[in-house]
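One-letter residues, chain by chain:
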Amino acid sequence: MARTLYEQDNADFSNRAHMRARDVLYPRIFNVRRERLQFEDTLLAQSDRAKILDGEMGVDRIVRVTIHNLPAPLVFTVQERFRRPEFAKYQDLTVTEWNHASNRPSELYKINAGLFVYGYFDEDREDFLDAVAIGVTDMLLAIATRRLRYERRWNKKMQTFLTIRFEDMEEAGIVRYRLHTTPKWAAPVGGFFA
């Protein structure tokens, strides 16, 4: 069976972006201090459990969020995608649809993560140019009910993928966090709830 082309450089870039996202994005997404977050990676090569979570369910990370007055952390499953700065002009989220090399469904049909964290990361500045976190079930329902516009394109890995504009996701009400937009419920700048 044909396999999807794996690019180590892209994997390394994504891991560096994830490490920065732990300090920059995730505290803002969950409106907590960094020390209240715990991360578990579910990358394919790590274990049989990871093969199921990442390979079959589209889950890259498990994030445990400790909340004041709750006896245990809340658990969130997350799919991540980080892109280089030159793609920020598109202001869109991409999700792979079909792997034509293997004739098998891709991310769109197997994603079970609760959140999809997507952003444009500038390694030179060690900062994000923009980022969103969307509700995955909300996205799938909006696609199913035709409330979310998308375009289908091809990549060099012989995959089709959907491209969904940030603006259209916001209009459909599936954006749970946007880096350059302060949600009404958020704490004042510099302050986080306990």
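Placed above this text is the structure.
First, a word on scope: everything that follows refers to the structure included in this document.

Cut-off values and rules
- Residues numbered from 1 in each chain as written.
- Predicted model: local features only at pLDDT ≥ 70, side-chain atom pairs only at ≥ 80, totals over all residues.
- Heavy atoms only, no water.
- Helix = DSSP H or I, 4+ residues; strand = E, 2+ residues; numbered from the N terminus.
- Buried < 20%, exposed > 50% of the residue type's maximum accessible area, 1.4 Å probe, protein only.
- Contact = heavy atoms within 4.5 Å.
- Arc of directions from axis to C-beta.
- Expected span 1.5 Å × (residues − 1).
- Pairing = 2+ DSSP bridges.
- Polar contact = N/O pair within 3.5 Å; in protein donor to acceptor, adjacent residues only side chain to side chain.
- Core = buried A, V, L, I, M, F, W, Y, C linked by side-chain atoms within 4.5 Å.
- Phe/Tyr/Trp six-rings, centres within 6.5 Å; stacked < 30°, edge-to-face > 60°.
- Lys NZ or Arg CZ within 6 Å of the ring centre and 35° of its normal.

## Re the overall build of the chain
Okay, so step 1: Summing up its helical and strand segments, the chain has six helices and 10 strands in all.
Okay, so step 2: Taking all 194 residues of the chain together, 43% fall into the buried category.
Okay, so step 3: Taking all contacts inside the chain whose residues are at least 6 apart in sequence as the whole, residues at least 24 apart take part in 60%.

## Re helix 5 (residues 136-144)
Okay, so step 1: The complete set of buried residues in helix 5 reads V136, M139, A142 and I143. Looking down the long axis of helix 5, one finds its buried residues gathered within 130° of arc, a one-sided arrangement. Within helix 5, the exposed residues directed more than 90 degrees away from the buried face are T137 and A144.
Okay, so step 2: Those residues of helix 5 that are buried lie in contact with strand 4 (92-99), helix 4 (107-110), strand 6 (115-122), strand 7 (127-135) and strand 9 (159-165).

## Re helix 1 (residues 8-24)
Okay, so step 1: Helix length check: helix 1, at 17 residues, gives a terminal C-alpha distance of 24 Å against a target of 24 Å (1.5 Å per residue), a fit within 8%.
Okay, so step 2: Those residues of helix 1 that sit buried are A11, F13, A17, H18, A21, R22 and V24.
Okay, so step 3: For helix 1, the secondary structure elements touched by its buried residues are helix 2 (26-30), strand 1 (37-41), strand 2 (61-65), strand 3 (74-83), strand 6 and strand 7.

## As for the side chain of D168
Okay, so step 1: If you trace the backbone, D168 turns up in helix 6 (residues 166-172).
Okay, so step 2: Residue classification places D168 among the buried residues on the basis of a relative accessible area of 6%.
Okay, so step 3: For D168, the contacting residues outside a window of four places in its chain are L148 and R149.

## Side note on the sheet that holds strand 9
Okay, so step 1: As summarised here, the arrangement of the four strands in space is 5-4-9-8, forming an open sheet in which the pairing is antiparallel. The sheet is open, and its two borders are formed by strand 5 (104-105) and strand 8 (151-154), each paired with just one other strand.
Okay, so step 2: Where strand 8 and strand 9 come together, four bridges link them in antiparallel fashion. Each bridged residue has a counterpart across the sheet, and for E151 the counterpart in strand 9 is T163.

## Considering the side chain of E97
Okay, so step 1: Inspection of the secondary structure puts E97 in strand 4.
Okay, so step 2: On the accessibility criterion, E97 (8% relative accessible area) is buried.
Okay, so step 3: Looking at E97, its side chain comes within polar contact range of the side chain of Y109, at 2.9 Å.

## A short note on the nonpolar core
Okay, so step 1: Ranked by internal contacts, the top residues of the largest apolar core, which has 25 residues, are L93, F116, I134, M139, L148, M169 and I174.
Okay, so step 2: If you list the elements that add at least two residues to this core, you get strand 4, strand 6, strand 7, helix 5, strand 9 and helix 6.
Okay, so step 3: Examining the composition of this core, we find that four residues originate from one element, helix 5, more than from any other.
Okay, so step 4: The contacts of I134, once residues within four sequence positions are left out, are L93, G114, L115, F116, M139, M169, I174, V175 and R176.
Okay, so step 5: Of all hydrophobic cores here, the second largest spans 23 residues; its members include A17, A21, V78 and L179.

## So, the packing of aromatic side chains
Okay, so step 1: Enumeration over the complete set of coordinates arrives at 12 aromatic pairs.
Okay, so step 2: With centroids separated by 6.3 Å and ring planes inclined at 15°, the aromatic side chains of Y26 and F30 adopt a geometry described as stacked. In this pair, Y26 and F30 both sit in helix 2, four residues apart, roughly one turn of the helix. For the pair Y26 and F30, one class covers both residues: buried.
Okay, so step 3: Relative to F128, the ring of F82 has its centre 5.6 Å away and its plane inclined at 50°; by these criteria the two rings are tilted. Here F82, found in strand 3, pairs with F128, found in strand 7; they are 46 residues apart in sequence, far enough to count as distant.
Okay, so step 4: For F128, a relative accessible area of 2% puts it in the buried group.
Okay, so step 5: Taking NZ or CZ as reference, R84 lies 4.2 Å from the ring centre of F13, over its face.

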